[in-house]
Amino acid sequence: MTDQKGTRVRYLKQRLGFRLLSSMAILTILPIIAVVIYIVIQGAPAISREFITGFPEDGMRAGGIWPAIVGTFYLTLGTAIFSVPLGIGAAIYLSEYAPQNRFTQMIRISIINLAGIPSVVYGLFGLGLFVLFLNFGTSILAGSLTLAIMTLPVIISTAEEALRAVPQAFRTVSISVGATKWQTIRRIVLPEALPGILTGVILGLERAAGETAPILFTVAAFFLPRLPNSPLDATMALPYHLFVISTQVPGMPIKIQYGTALVLLTFVLSMNIIATVIRSRARASRQW
Amino acid sequence: MNKNNQKITIQNLILHYSDGTESLQDISLDIPAHAITVIFGPAGGGKSSLLRVLNRLNDLVDVVKLEGEVYLDDLDVLSPKTDVIALRRRVGMVFARPVVLPMSIQENITYGLEIAGIKDDQRLEDSLEKAALWEEVKDRLDDPAVTLSGGQQQRLCLARVLALEPEVILLDEPTSGLDPISTGKVEESLQALKEDYTIVLVPHSVQQAARTADYAAFFLQGKLIEYAPGNLLFTNPQDQRTQDYVEGRFG
């Protein structure tokens, strides 16, 4: 009889534990849902064709945000051009070639530390190095380079992880049939790791697209009602524009602020969704 | 043993890994052409290590000490000047766990050929025929190789090696994960293949060693204990340790 009772108590404890854990899991998704719903409700009334494709008017209190959208797009693209080849190259070196020694150790520590630097420090660094010292001026070039440095650690560490996840046996087999190390990497390892690498790239770029501090001193224009036509032009960008209209302009209609936030959120979340789709597709097709 | 018929000559081979695990101690062994030479003994005896030296796959791991000489015909296998890519095309390897590359059945065969710059469509069918797999896969060559059964995958791995038309085939417990029927098929293929190739097999059991060996080498803790034609070694072992192992008293 006591045995039966003990069993019942244990089952009760198990059910209680399960409830507790599942409610914690639900709690974690509440904030994101709340944010999205709030921004959509507040921002949706502002969304129109003119808002997306128009230029700001009346001291940004009316009109659209097209220059900021284009600016963020260019900045994301520029960041990708600089950070993706470098990041993937570094990841290949670390995963496939680097010996275990002090030098490699130092590279890894640097990457970890790079990821920990506050983004506003990157902004100041970009101002010093790219804008002033290299004389790029406040430009898309300077901003992209600054964002690229900030994005590198994310891309390197996720790409390296993806490369390491490719079974060692594939490499051994490839080498054993007469492939060189590079042929093995190019034809077997990289294709297998590609979905994981892409996920990292997108997550890194998404962060770059949403950052304000690094572009504050390096590229972002307070108000520039035309589109940039060279990498050496300054540009407006969504995150900075949002900061400006939320804090710097008196008499700003609320719906324009939330409309801008909604556009930025959509931009970033859709990149996130693309990354998730790539990852889950790759997982489904993975057969080892 | 007929010295003229020798394919691989191993002299005073010593090997130590950096983590101090398995090693080879002063191994001298002549492996004849057109025969199945079986390397057997308890785990950790140095069998796989020896196999990996023969096509320089040991380059991929941390080896702290490698001395002695290995010749494939007249080629100095261990010389730093040796073209390891060419060597690995002459000496193919089949691993214990069937590892098919993440591509189609056909591409698994043609991968090594493409890398070697060989364009020869006939080799696909020939190699699959020799590995006794052609009939089972000829209508599904574009399917992913992982959709094959374990036994089929291991025969595909054999075919992948055969497509490169090597001279020597190394097999490291190729049937350890296979059922008896698949094992039988692989062993049959090997018997047919020895006409054209030199085969070095690490068997997964003493029984398989006895079934397949033309010559048998018994390895224990990195040492070559006894080497003799298979029919002699298994019926009349000269060393007490060989006899004990063959009769199942340890291992």
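Because the structure is predicted, anything quoted here is derived from the model rather than measured.

Cut-offs applied
- Residues numbered from 1 in each chain as written.
- Chains lettered and ligands numbered in written order.
- Predicted model: local features only at pLDDT ≥ 70, side-chain atom pairs only at ≥ 80, totals over all residues.
- Heavy atoms only, no water.
- Helix = DSSP H or I, 4+ residues; strand = E, 2+ residues; numbered from the N terminus.
- Buried < 20%, exposed > 50% of the residue type's maximum accessible area, 1.4 Å probe, protein only.
- Polar contact = N/O pair within 3.5 Å; in protein donor to acceptor, adjacent residues only side chain to side chain.
- Phe/Tyr/Trp six-rings, centres within 6.5 Å; stacked < 30°, edge-to-face > 60°.
- Salt bridge = Lys/Arg side-chain N within 4 Å of Asp/Glu carboxyl O.

A. Structural view of the side chain of Ser127 of chain B. Residues and elements named next belong to chain B. If you trace the backbone, Ser127 turns up in helix H4 (residues 121-130). When its relative accessible area of 2% is taken as the criterion, Ser127 is described as buried. Among the polar contacts made by the side chain of Ser127, one reaches the main-chain carbonyl oxygen of Leu124 at a distance of 3.1 Å.

B. Fine view of the packing of aromatic side chains. Counted according to the given criterion, the structure contains nine aromatic pairs over all chains. Measuring from centroid to centroid gives 6.5 Å for Phe130 of chain A and Phe136 of chain A, while their planes differ by 10°, and the two rings are stacked. Ring centres of Phe40 of chain B and Phe234 of chain B lie 5.2 Å apart, and the angle between their planes is 35°; on these two criteria the pair is classed as tilted. Here Phe40 of chain B is found in strand E3 (residues 36-40), whereas its partner Phe234 of chain B is found in helix H9 (residues 230-235), with 194 residues between them in sequence. Like Phe234 of chain B, Phe40 of chain B is buried.

C. Summary view of the pattern of salt bridges. Residue and element names in this part refer to chain B. Within the structure shown, the criterion is met by 23 salt bridges over all chains. Its salt-bridge partner being Glu187, residue Arg211 comes within 2.8 Å of it at the nearest N-O pair. Taken together, the positions of Arg211 in helix H8 (residues 206-212) and Glu187 in helix H7 (residues 180-193) put the pair 24 residues apart, joining distant regions of the chain. Note on Arg211: relative accessible area 49%, which makes it partly exposed. Three or more residues joined by partner-sharing salt bridges are found here, namely Lys7, Asp73, Arg90 and Glu167.

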